Amino acid sequence: MLVKDAFGNFETLLQDVTYHPAMGRYLSYLGNAKGDPKVGSHPDENYAREVMQLFTIGLYELNMDGSKKTKKGKPIPTYTQADIRQMAKVFTGLSDDNGQFEAEAYFNSFHARTAPMAAFESEHDSSEKKILHGQKVIAAGGDTKTDINAALHILFMHPNVAPFISKQLIQRLVTSNPSPEYMERVSKVFADNGKGVRGDLKAVVKAILLDDEALRGKHDPDTFGKFREPLLYVSHLFRAFHAKNGEHTLQQGDTKLYRYQSFNFNGTGMMKQEGSLEALTVFNYFSPDDAPSVLKKQGLAAPELELYGKEGIDDVLMGLITKNGFVYRLYNITAELQLDTEKALVHEKKYDALLDRLDLVLTAGDLSADTRKAIKKYMQEHATLDDEKLVRYTIGLVMTSPDYALQQ
């Protein structure tokens, strides 16, 4: 669903996410019934809060350049607790498409796991809802989907959505600290793709990647760029060296069920929960505003560093590169790197040619002269190692360098 909607319209993406049973279960509005004043029950507020805070408008009103609007020197909240209570009434009456309203998803079929949630009107609160400081009204009498789509459209049209979503897309695709000017240019494309269409994600991504700030790159090396997520180290390693997967057999007791190909990489625990659906909180794997204290003091964000931890990722990465079976959870790895080209260069002692190649496939030409000099010295001092081992250690030195970690 995310792949299908990636280059479509943001409102469509917002609707598809909202009706997806996986989201309904995760944020506990699947089986969310209307309140009952007789017993004092209220609708679940989980999705009502997060659809505003995380998916659309954020906590505070923003200018198009991403800066916060202020009143008497204080940021202006986009919504209140009263708005959450009103919005919670909107997201009532949905359950998985199993034919009955369930307070808990059992997902006993592929259809129930993947089909959009169904509406159960008897469980929907059809009263009037006033949201966004009471300024937007959803009239009484609407059915479930009418109310939900109306609420989502109100959020979609909010002026905050353009800068709030645009900044996080820029952070993931180009740089953690975009300039206000870059932010504003992209936000304006989100608001209008040039043809009167709001939320055209294809146009937004194009604007992000082809912006002058993205193309010029190191115009301000102290603030430009982003750190790689730990899991991207692994996927890049496997891709750069055309890793081949190994054959495995799934068994139940002594019975062999079937054979399959797999890298058998079970390192997500060591990668700070970057496996699918393993994020520790609804805020995903890391916060967009997070940074080590030394960078926070400078007003800079470095979100991905939240995953590195004090030990970094060197142990796991080097374990993968060097096939070190003693590294926790890597002992059964079957991703086999193809290193014939690199081994031939080492065998002929063409160290500069090897570094040129690694600079191309790993650091996109960003390997600094100092790093290159240090690695070449290491290679010369360890020339007695066998060809494959020296190649693997050299790859490890490049990939554990700051030149690799920071993408500029």
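### Regarding helix α16 (residues 351–361)
All of the buried residues along α16 are Y351, L354, L355, L358 and D359. Take α16 and look down its axis: the buried residues cluster within an arc of 135°, on one side only. Residues of α16 that are buried sit in contact with α15 (340–347), α17 (369–381) and α18 (387–399).

### Some remarks on the environment of L406
Inspection of the secondary structure assignment puts L406 in strand β10 (residues 406–407). Given a relative accessible area of 26%, L406 falls into the partly exposed group. Taking the C-alpha atoms as reference, L406 lies 9.5 Å from D366; in sequence the two are 40 residues apart. Once you skip the residues sitting within four places of it in the chain, L406 turns out to touch G225, K226 and F227.

### Considering unusual backbone geometry
Of note, K72 is a non-glycine position whose phi angle comes to about 55°, a positive value. Among the secondary structure elements, K72 is positioned in the loop between β1 (70–71) and β2 (74–75). When its relative accessible area of 83% is taken as the criterion, K72 is described as exposed. Not every positive phi belongs to a glycine, and K349 is a case in point at roughly 55°. Along the chain, K349 turns up in the loop between α15 and α16.

### Side note on the side chain of D125
The residue D125 is located in the loop between β4 (118–119) and β5 (129–131) in this model. The side chain of D125 is buried and forms no salt bridge, while K129, the nearest opposite charge, is found at 4.5 Å. When residues no more than four places from it in sequence are discounted, the contact partners of D125 are K34, K89, T92 and D147.

### Examining the pattern of salt bridges
If you walk through the whole model with that rule in mind, you get 20 salt bridges. With a shortest N-O distance of 2.5 Å, R357 and E342 are connected by a salt bridge. One end of the pair, R357, is in helix α16; the other, E342, is in helix α15, with 15 residues separating them in the sequence. One salt-bridge network, held together by shared partners, links K323, E336, D340, K343, E388 and R392.

### Side note on the nonpolar core
Of all hydrophobic cores here, the largest spans 50 residues; its most connected members are F10, M52, M87 and F91. When contributions to this core are tallied by element, the ones reaching two or more residues are α2 (10–19), α4 (46–53), α5 (81–90), α7 (144–157), α8 (161–173), α9 (180–191) and α10 (201–210). The biggest single contributor to this core is α7, with six residues. Aside from chain neighbours lying at most four places away, what touches F10 is F55, T56, F156, V161, I165, F190, G199 and L201. Of all hydrophobic cores here, the second largest spans 35 residues; its members include A240, L330, L354 and M379.

Rules of the game
Residues numbered from 1 in each chain as written. Predicted model: local features only at pLDDT ≥ 70, side-chain atom pairs only at ≥ 80, totals over all residues. Heavy atoms only, no water. Buried < 20%, exposed > 50% of the residue type's maximum accessible area, 1.4 Å probe, protein only. Helix = DSSP H or I, 4+ residues; strand = E, 2+ residues; numbered from the N terminus. Arc of directions from axis to C-beta. Contact = heavy atoms within 4.5 Å. Lys, Arg positive; Asp, Glu negative; His and termini not counted. Salt bridge = Lys/Arg side-chain N within 4 Å of Asp/Glu carboxyl O. Core = buried A, V, L, I, M, F, W, Y, C linked by side-chain atoms within 4.5 Å.

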